[in-house]
Amino acid sequence: MSEKVIQVGHRDIRIINQEFLAALEAGYSVVVTDTLSRHNLGVGLPQSGKIHFDGSVGYYCGGLNTGTDVRVENNAGWGTGEAMSGGTITVNGYSGMSTGAAMLGGLIHVKGDCGPRCGVAMKAGDIVVEGNLGYQAGFMAHRGRIIALGGAGPSCGDALWEAEVWVAGDIESLGVDAKIVEPEAEEVEEINALLKQLGLEERFRDWRKIVSEQKLWYFESRDANSWLMI
Amino acid sequence: MADDLNSTYEYPFPMPSEEEVAYSDGAIKGRTPGSPSAYDKGGSTRWTPDAIAEVQALAQLGRYQVRGYNCFNQRMPTFDDLTFVPATMTRLPLEGYRESCDMTTVLGAGTGLVEKPLELKIPIYVASMSFGALSASAKAAIGYGASKAGTMTCTGEGGMLEDEREASQKLVYQLTPARYGVDLEHIRKADGLELVVGQGAKPGTGGLLLGMKVVERVSKMRSLPAGVDQRSTVRHPDFLGADDMAVKIEELRIATNYKVPILVKMGATRPRFDVAIAAKAGADIVVLDGAEGGTGASPELLLNHTGIPCLSAIRPARQALEDCGMSDKVSLVVSGGIRTGVDVAKCLALGADAVMIGNAAMIALGCNSPRYEEDYHALGTSPGACHHCHTGMCPVGITTQNKELEKRVNIAAGAERVYRFLTAIAMEVTMLAKACGKSSVHNLEVEDLRALSFEASAFTGVKMAGLDRAFTW
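Since we're looking at a predicted model, the values are computed, not measured.

1. Here we look at the overall build of chain B
Within chain B, the secondary structure is distributed over 17 helices and 16 strands. Principal axes of the C-alpha set define a box for chain B whose edges measure 100 × 60 × 45 Å. Taking all 473 residues of chain B together, the buried fraction comes to 54%. Counting contacts in chain B only where the partners sit at least 6 residues apart, residues at least 24 apart contribute 67% of the total.

2. Observations concerning the sheet that holds strand 6 (residues 107–110) of chain A
All names here are of chain A. Reading across the sheet, the 11 strands line up as 1-2-3-4-5-6-7-8-9-11-10 and stay open at both edges, with mixed pairing between neighbours. Each having just a single partner strand, strand 1 (3–7) and strand 10 (178–181) make up the two edges of the open sheet. Strand after strand, the sheet turns through a mean of 15° between neighbouring axes, direction not considered. Strand direction decides the pairing type here: strand 4 (residues 66–72) and strand 5 (residues 86–91), joined by 5 bridges, are parallel. Among the inter-strand pairings, T66 is bridged to a residue of strand 5, identified as G86. Relative to strand 1, helix 1 (residues 13–25) is tilted by about 180°, and along the sheet it contacts strand 1, strand 2 (29–33), strand 3 (50–53) and strand 4.

3. Brief notes about unusual backbone geometry
Positive phi, close to 50°, is recorded for M140(A), a residue that is not glycine. Take M140(A): it is sitting in the loop between strand 7 (126–129) and strand 8 (145–148). According to the C-beta neighbour criterion, M140(A) is buried, with 27 such atoms within 10 Å. Not every positive phi belongs to a glycine, and Y372(B) is a case in point at roughly 50°. If you trace the backbone, Y372(B) turns up in the loop between helix 13 (359–365) and helix 14 (373–378).

4. Quick word on the environment of M431(B)
Note that M431(B) resides in helix 16 (residues 411–435). Measuring from C-alpha to C-alpha, the distance between M431(B) and G132(B) comes to 37 Å, with 299 residues separating the pair along the chain.

5. Details of the packing of helix 4 (residues 136–148) of chain B against helix 16 of chain B
Residue and element names in this part refer to chain B. Between helix 4 and helix 16, the least distance of the axes is 7 Å, while the angle of their chain directions is 45°. Between helix 4 and helix 16, the interaxial angle falls into the category oblique. In this structure, the crossing between helix 4 and helix 16 has a hand that is right-handed. Contacts between helix 4 and helix 16 involve S137, A140, A141, I142, Y144, G145, A146 and K148 from the former and I411, G414, A415, E416, V418, Y419 and L422 from the latter. Of the residues in the contact of helix 4 with helix 16, the class split is 10 nonpolar, 3 polar and 2 charged.

6. Considering the confidence of the model for chain B
Low pLDDT marks regions whose predicted coordinates should not be analysed in detail. Here chain B shows a mean pLDDT of 93. Residues at 70 or above account for 95%. The complex model carries a pTM of 0.93, and its ipTM stands at 0.95.

7. A short note on helix 16 of chain B
Across its 25 residues, helix 16 of chain B extends 36 Å between first and last C-alpha, which sits within 8% of the 36 Å expected from 1.5 Å per residue. Two residues or fewer after helix 16 of chain B comes G437(B), characterised by a positive phi angle close to 85°.

What counts and how
Residues numbered from 1 in each chain as written. Chains lettered and ligands numbered in written order. Predicted model: local features only at pLDDT ≥ 70, side-chain atom pairs only at ≥ 80, totals over all residues. Helix = DSSP H or I, 4+ residues; strand = E, 2+ residues; numbered from the N terminus. Buried ≥ 20, exposed ≤ 12 C-beta atoms within 10 Å, placed from the backbone. Contact = placed C-beta atoms within 7 Å. Pairing = 2+ DSSP bridges. Axes fitted to C-alpha atoms, helices over the stretch in contact; angles between N-to-C directions. Parallel < 35°, antiparallel > 145°, perpendicular 65-115°, else oblique. Left-handed = near helix turned anticlockwise from the far one by under 90°. Nonpolar A, V, L, I, M, F, W, Y, C, P; charged D, E, K, R; others polar. pLDDT = per-residue confidence, 0-100. Expected span 1.5 Å × (residues − 1).

Below you can see the structure in the form of C-alpha cells.
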C-alpha cells in the first residue's frame, strides 16, 4: 500500500478531511503531519484503510469511523472515536474525556490513561486502556466492554445498562447501580485473547468485572396497568 | 370596651332553641354551618379535589406520577390572548379569496455554509416524535402526509426508522444525548441534523419510554434490553458547553460534507440567552420548544411546572438573534401547543420563521378520535380526554407498539388526514396574512397583533388592544 502524506497546520479542516477521504478511497495509507492538536481530524472515515496521525489530535478524532484503522502517535482530545461503528483507533498517549462515546462497534486502544466518562453511552465494541480510567467510566453504557489494565477513578460503571467495565487495578469507588461480579473463566479467556491480539503481555490479572445491579432499570413494574390510575 | 359585642338586649319573645336556629335555613339536618357549595364542591383554594387526588396518588405510589401528552397547567397563557388587527385604513388588505400569498419557507440558508438548506412549501412541519413513543405505522403515515403537503418530519430520539425515511421526502435526524443508533449511514441519509439539548415538555431532563413500549424492534434500534424502562441521559456524551458544541457542530458538518443544515433544539427556559449561545455555536436553525410541547411520557410535575410558554419565548428568541447580528443568518423554528393556523400565524408574526406541530399532527392522524370507545374506557378515559400515551395502550394505535392496536392506523387514510390538516392550517395562515395585507406569510409582524390581556402584552411586548402601547412594568 503506497503512502500519502497530508499536512494539517492551519489549513481548512474541511479540506483536510476531504483529502483524507480521497486518499483512503484511492487506496493510499495516509500519514498526517503537523497535527497541532486540531479538532475534528479524521471524521467519518471509510470502511477500510489506514491513517496515522503523527502528533496529538483534538476533539472527535476518528468520530463516526466506519472501518479505518487510525493511529494517533501522541495524545487525543475529547470524544475520540465517538459513534464509530467499525475499525480501530490506537492512541499511543493519553485520551481525553468521553473516549468512545456512543460507539457502535470497533476497537479503541489507549496506551496511556483515559479521561472521565470513557465509553459513555457506548452501544457495542471494546475500549482497552493500558493506564487508568477517569471518573464515571462507562456512564450509561448500553453494551460493549471497557477494559482497564490500570485502575479506575470514582463512580466507575455509573448507571450501566448491559455494558461491562473490566478493571485490573484499584477502583476508587463504584457508581450508582453498579456491582462487582466474579467473571467466568471463559470471559477472562476472551479478554486475554483480545489483549494478546493487541500485543499486550500475557500474565495473571486480578480482574474485577463491573456490571449493572439493575435497580435503576424499572420504576417498579413492567405492568402497564400500574400506570393507569393517573 | 369598644370590641365588646356581648349584647344585653332582650327579645320581646322567648329566646329560640339552638335546634331552631340551626335548621331554620332549611339546610340538611346534621350539617354544620357553612356555604352549601363548600360541602358539595370543596371551597379550599389550596386543597382542590385535584390537589387532594394528587397527594393520595403519591401516598399510594411512593413515587412521582408519569403520563404522556402535554402540559395540564391551567395557568399557561395561550395564543388566544392575542388577536390580529387586519388592514383597514392605514394598510391595504389582499384579496383573501383571490390574490396569492407566498408560503415558501427556507430554513438554514442564512449562514451560507449549507449546500442543501431545507426548502418547504409551507411554514409548518411535523415535530420530532420517536419510533418507540409512536408506532411505525403512525410514523409512516405522518411522513407520507407531510411529504404530500411539501413539508418535512423529524425522527425523534429513537433512531431512523426505514418506514419513516421511505415515507418522508424530507427528514431531520435527531441526535439526542442518548444517541440511540446514531451512525454515519443514518447521518448521511438525513436532510438535516438536529442536536437536542432539551425539549419543551421536560427541559433539563432526558427522554422517557416505559418498558411496556420497548418491544424487540425498539430495543434493537436503541441497543437496550427489551421491556426495560428507558430513562435517557440528559447531557450529551461528548460535549458539555457552548464551546464544545461548536466543535461538535463542525464535526457533523464534516461528516455530511456541509450538505445539510444543523439544527439545535431546546426547551424554552431562558431563550434570550440560550438562543444566542446556540446561534453563536454555529447552528443554522434554532428550534425552540415551549412548555406546552407534548411528549410520550414524562414525570407529570415536569410537564406542568417547567419551562416557559411558547407565547412568551418567541420574542426574546428573535431579540437574541438580533442582538448577535444573526437574525438573517440563523432560522428560528418554534413549537409547543400549536393547534391551528391561527396559532401558527401568531408565531410567525412574533418572529418565528417556521412552526413545528406535534400533538396536532397526532390528533389529525386520529389521536383521541371517537372510535374504540370501550378501549378508552378500559384506560379510565374517553375520546377527547385521553393522555395515556405512556402506557402503550393507545386505543387508536398511534402511541403503541402493540401490533394489534397498531393495525388500527390506516396509513393511507391517516396520511391523507395529516396532509389535509397541514394544508388547512397553511390556508388559515395565508388568510390571516392576506387580511393583514401581506403577500408572504413571512411578512407578518408584531404590529399585526394586539394583546387582549395585560399578561399577554407583558409576555410578548405586543400592544394592548385599544391602548396601542405595550404593557410595561
